[in-house]
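Architecture at a glance
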Amino acid sequence: MTVLVALPVLLPLLAAGLSLALGRFADFQRALGILVLGAIIADAAVLLHVADTSGPVVLQMGAWPAPMGITLVADRLSALLLLVSSVVTFAVLIYSIGQRITDYGRERSSTTFHPMYLVLCAGVSLAYLTGDLFNLFVAFEIMLSSSYVLITRRTTATRIRAGMTYVIVSLASSLLFITMIALVYASTGTVNLADLGEKVHELPEGLQSALALLVVIVFGVKAAMVPLHFWLPDSYPTAPAPVTAVFAGLLTKVGIYALIRTQTLVFSHAESWNLMLGIALITMIVGALGALAQNDLNRLLSFLLVSHIGYMLFGLGVYDVIGLTGVILYVVHHITVQATLFLVSGLITRHTGTVALTRMGGLAKAAPLIAVLFALPALSLAGVPPFSGFVAKLALLQAGVGAATWPAYVVTGGAVLTSLLTLYAMARVWTRAFWGQVKAPEQDPDPTDELVVGTADSNRPMVVASGVLVAASVVIALVAGPLAEVSGRAATDLMHGETYRSAVLGGAAGE
C-alpha cells in the first residue's frame, strides 16, 4: 500500500520525460497526460479511503527511517486535497487539449505544454505528500520552474512584464524559504515535520515566535495573503485560460496547505490566533474592494481569489476543530470553483474578443450554456445556498461565533460583508457581460500569441471540461454531510498531531 504514496509524484515526472521525448506525436502526448492524471485520481481516492479508515499511509524512501530519510505521508487532509486537485488538473487538461485542437488542429503537438503541465502536477502532489520542510521547498521549486514556462509560452510584451513580476517575487520568496529552513535546522537539527513538532517546543519562546512568523511570511507570499498579494493580480490574468485556471485553483491553495500544516503540526496556539484573524479580515476586504474596481474580467477574478484566501486564514485564526473543518471545506470548494471561473472566463473571451466588461454584452442570448456555466460557480463563490460555498462559509461563520472573542466576532462580520461584496461583483459581471444587446466579437488584437480570442467558437471538450468542474462543485454541496465528517476528522488530526507523529516516527513500514 505504501507505494501508492509515491505514484502521484513519480508517474507525472516519468510521463513528462516520455512526453518530451515523443513530442512529435500529438495524440500520444494527449493520451498519456489523460491516462496519468486519471491514474492519480484513482490513486488519491484509494489513499483517502485508507487514510480515513486505517490512519496515515507512510512511505520511508529507501527504507531510511524518519527523521533521517525522506518521508512521504498521506493522511486525511493531504489525500483529500490530492484527490480534489487531481480532478481539477484532469479537467483543465481536457480543456487545454480541446482549445489547442480548435486553434491549431489535431496534428500539431506541443513540445512544452504537456511535459511542463505534468511536472507542475508532480510538484503539487509532492507538496501535499512530503513529510519534511526541505522537500516542501523542492515541491514549490518544481511547481515554480514549470509555471515559469507555462506563463511565458509564446510571449508578448505584456506577458513578459507580468511574467517578470511573477518570477522575481517567486525567486525572492524562494530565497526567504531556504533561509527559513536553514534557521529551523540550525535551531532544531531536523527538518522532518513530525520531528519538528516535538523539538520546536523545546526552543525559547521568543525564538519559536520568530520562526513561526517567518513561516507565515514565506507561505503568505505563496498563498497571496494581503499585504503580500500584489504579484497575483498582475501575473495571472495575462496567461491562457487553462494555465490561469490551474494556477488560481492550486498554487495558492498549496501555500494555504503548507501554512495549515506547519502552524498546527510544528507550531501550536493555545487559543484564537488574533494576528491571523487580523490578516484574514484585511485580506477579505482588500481583495473584495480591489475586485469592485476592475473592468478586466480576469483581474476581477484574481482579486476575488485574493479576497477568499482570507476565509481560509479566518478558519486558521480561530484555531479550533470547527475552524479547521471550515478551512478544509473552503479549500475543497475554492479549488474547484476558482478554476471553473477562469475556464469559463476563457470561453467568454473567445466569444467576445475582450476581457473588458464594458465592451461585452448579450452573452446570455448568444451563448446560454456559457451563461449557466458562469452563473453556478459565481453563486457558489458568493456563498448563496445551497451551493458548496454556502456550506463552507456556514462552517466558518459557526466557528467565528463559537470562538466567543471580539476579534473573531469582527472577522465574522467581515466575512459576511465580503460575501455581499462578492455577490455584488458577480452581479456586475452578469449585468455587463450577459445581459443587454448582443455585441459582435472583437478581433483578436494579437493573433501571434497563445491567446486566441474573438472566434465565438469553443469546441465540445472545452465546454465539457468546464461543465465537469461545475458538476464537481455541485457534488461537493450534495455530499456536504459526509465531506464535513471527513473534514472534521482531518481537523481533529491537525489539532492533535500525535497520530501523524506516531505514524511517521513510530516505525511505520517503508520500502
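Residues numbered from 1 in each chain as written. Predicted model: local features only at pLDDT ≥ 70, side-chain atom pairs only at ≥ 80, totals over all residues. Heavy atoms only, no water.

Section: the packing of helix H11 (residues 274–292) against helix H12 (residues 297–318)
The condition is simple: Between N-to-C directions, angles cover 0 to 180 degrees, with each direction set by a line fitted to C-alpha atoms, over the stretch in contact for helices. Under the scheme used here, helices are H or I runs from DSSP no shorter than 4 residues and strands are E runs no shorter than 2 residues, and both carry numbers assigned from the N terminus. Note that the term roughly parallel is reserved for angles under 35 degrees, roughly antiparallel for angles over 145, roughly perpendicular for angles of 65 to 115, and oblique for everything else. Each crossing gets its handedness from the near helix: less than a right angle anticlockwise from the far helix is left-handed, clockwise is right-handed.
The interhelical angle for the contact between H11 and H12, taken along N-to-C directions, is 165 degrees, at an axis separation of 7 Å. Classified by the angle their axes make, H11 and H12 are roughly antiparallel. The interaxial crossing formed by H11 with H12 has left-handed handedness.

Remarks on empty space enclosed by the protein
Where we set the bar: Using only the protein atoms, space was sampled on a 1 Å grid; points where a 1.4 Å probe fits but cannot get out form cavities, open sets with protein on both sides within 12 Å along at least five of seven lines form pockets, and lining residues are those with an atom within 4 Å of a point. Grid points are joined across faces, edges and corners, and a volume is the space filled by probe spheres set on the points.
Going through the model one piece at a time under the given rule, you end up with eight cavities of 30 Å³ or more. Around the largest cavity sit 14 residues that line it, and Leu144, Tyr166, Ser170, Lys222 and Trp231 are the ones nearest its centre. Elements represented by at least two residues in the lining of the largest cavity include exactly helix H5 (133–151), helix H6 (157–188), helix H8 (205–223) and helix H10 (241–266). A per-element tally of the lining of the largest cavity places H6 first, with five residues.

Some details on the nonpolar core
The condition is simple: Residues belong to one nonpolar core when they are buried, are Ala, Val, Leu, Ile, Met, Phe, Trp, Tyr or Cys, and are joined through side-chain atoms within 4.5 Å. Burial classes follow relative accessibility: with a 1.4 Å probe on protein chains only, a residue under 20% of its type's maximum area counts as buried, one over 50% as exposed, and anything between as partly exposed. What makes two residues a contact is simply this: any of their non-hydrogen atoms within 4.5 Å.
Core analysis: the biggest nonpolar cluster contains 176 residues, and Met180 and Phe219 have the highest contact counts within it. Discounting residues that sit within four places of it in the chain, Phe219 has contacts with Leu136, Phe140, Phe177, Met180, Gly255, Ala258, Leu259 and Thr262.

So, the layout of surface pockets
This is how the line gets drawn: Any residue outside Ala, Val, Leu, Ile, Met, Phe, Trp, Tyr, Cys, Pro, Asp, Glu, Lys and Arg is labelled polar, Gly included; the first ten of those are nonpolar and the last four are charged.
Put simply, the second largest pocket is a space of about 320 Å³. Taken together, 17 residues make up the lining of the second largest pocket; nearest its centre are Leu80, Leu83, Val84, Ile476 and Leu483. Secondary-structure elements contributing two or more residues to the lining of the second largest pocket are helix H2 (26–54), helix H3 (76–104), helix H13 (321–352), helix H18 (460–478) and helix H19 (480–495). Along the lines of polarity and charge, the residues of the lining of the second largest pocket split into 13 nonpolar, three polar and one charged.

Some details on H10
Threshold: In a helix, the anticipated span is given by 1.5 Å times the number of residues less one.
Taking 1.5 Å as the rise per residue, H10 with 26 residues should run 38 Å; its terminal C-alpha atoms sit 37 Å apart, in good agreement. Counting buried residues along H10, 26 of its 26 residues qualify, which places the element largely inside the surrounding structure.

What about unusual backbone geometry?
The step from Val226 to Pro227 runs through a cis peptide bond, and the omega angle for that step is 10 degrees. If you trace the backbone, Pro227 turns up in the loop between H8 and helix H9 (232–235). Residue Pro385 is joined to Pro386 through a cis peptide bond whose omega torsion reads 5 degrees. With respect to the helices and strands, Pro386 occurs in the loop between helix H15 (368–382) and helix H16 (388–403). Phi angles above zero are rare outside glycine, and Ala224 is one such case at about 65 degrees. Given the relative accessible area of 0%, Ala224 is considered buried. We note that Ala404 has phi near 55 degrees; this positive angle belongs to a residue other than glycine. The topology assignment puts Ala404 in the loop between H16 and helix H17 (406–434).

A look at the side chain of Lys253
Here is the rule we go by: Counting rule applied: Lys, Arg positive; Asp, Glu negative; His and chain ends not counted. Each salt bridge in this description consists of a side-chain nitrogen of Lys or Arg and a carboxyl oxygen of Asp or Glu lying within 4 Å of one another. Identification of polar contacts relies on pairs of N or O atoms within 3.5 Å, with a donor-acceptor requirement for protein atoms, meaning one able to donate a hydrogen and the other able to accept it, and with residues adjacent in sequence counted only if both atoms are side-chain atoms.
One can find Lys253 in helix H10. In this structure Lys253 is buried but unpaired, with Asp296 as the nearest side chain of opposite charge at 18 Å. For Lys253, the side chain forms a polar contact with the side chain of His334, separated by 3.2 Å. When sequence neighbours within four positions are dropped, the list of residues in contact with Lys253 reads Ala248, Leu305, Met312, Val331, His334 and Ile335.

As for the packing of H12 against H16
Viewed as axis vectors pointing N to C, H12 and H16 meet at an angle of 40 degrees, and their least axial separation amounts to 10 Å. The angle between H12 and H16 falls in the class oblique. Handedness of the crossing formed by H12 with H16: left-handed. Of the residues in H16, those in contact with His308, Tyr311, Phe314, Gly315 and Val318 of H12 are Lys393, Leu396, Ala399, Gly400 and Ala403.

Observations concerning the pattern of salt bridges
Charged atoms that come close allow side chains of opposite charge to pair. This model, assessed by the stated rule, comprises six salt bridges. In this structure, Arg30 engages Asp27 in a salt bridge whose closest nitrogen and oxygen atoms are separated by 3.1 Å. Here the residue Arg30 and the residue Asp27 both occupy positions in helix H2, the gap between them amounting to three residues, near one helical turn. A relative accessible area of 35% places Asp27 in the partly exposed class. One salt bridge connects Arg76 with Asp493, and the closest N-O pair in it is separated by 2.6 Å. Residue Arg76 is located in helix H3, and its partner Asp493 is located in helix H19; the two are separated by 417 residues in the primary sequence. Through salt bridges with shared partners, a single network forms among Asp52, Arg76, Arg489 and Asp493.

As for the packing of aromatic side chains
Applicable threshold: Two rings from Phe, Tyr or Trp (for Trp, the six-membered ring) form a pair when their centres are within 6.5 Å of each other. A pair whose planes differ by under 30 degrees is stacked, one over 60 is edge-to-face, and the rest are tilted.
Summed over all chains, the structure comprises 13 aromatic pairs. Measuring from ring centre to ring centre gives 5.8 Å for Phe140 and Phe177, while their planes differ by 70 degrees; the resulting arrangement is edge-to-face. Linking Phe140 in helix H5 with Phe177 in helix H6, this pair joins segments that are 37 residues apart in sequence. Of the two residues examined, Phe140 and Phe177, each falls in the buried class. Considering the side-chain rings of Tyr166 and Phe247, the 6.0 Å spacing of their centres and the 10 degrees angle between planes classify their relative orientation as stacked.

Topic: the environment of Ser487
The topology assignment puts Ser487 in helix H19. Note on Ser487: relative accessible area 0%, which makes it buried. Sequence spacing of Ser487 and Pro12 is 475 residues, and the spatial spacing of their C-alpha atoms is 27 Å. Excluding its chain neighbours within four sequence positions, the residues that come into contact with Ser487 are Leu80, Thr325, Ile328 and Leu329.

Looking at the confidence of the model for the protein chain
The condition that has to hold: Each residue carries a pLDDT value, the predictor's own confidence for that position, ranging from 0 to 100.
On average, residues of the protein chain carry a pLDDT of 87, and 93% of them reach 70 or more. Between residues 507–511, whose pLDDT stays under 50, and residues either more than four places distant or in other chains, the model counts twelve contacts.

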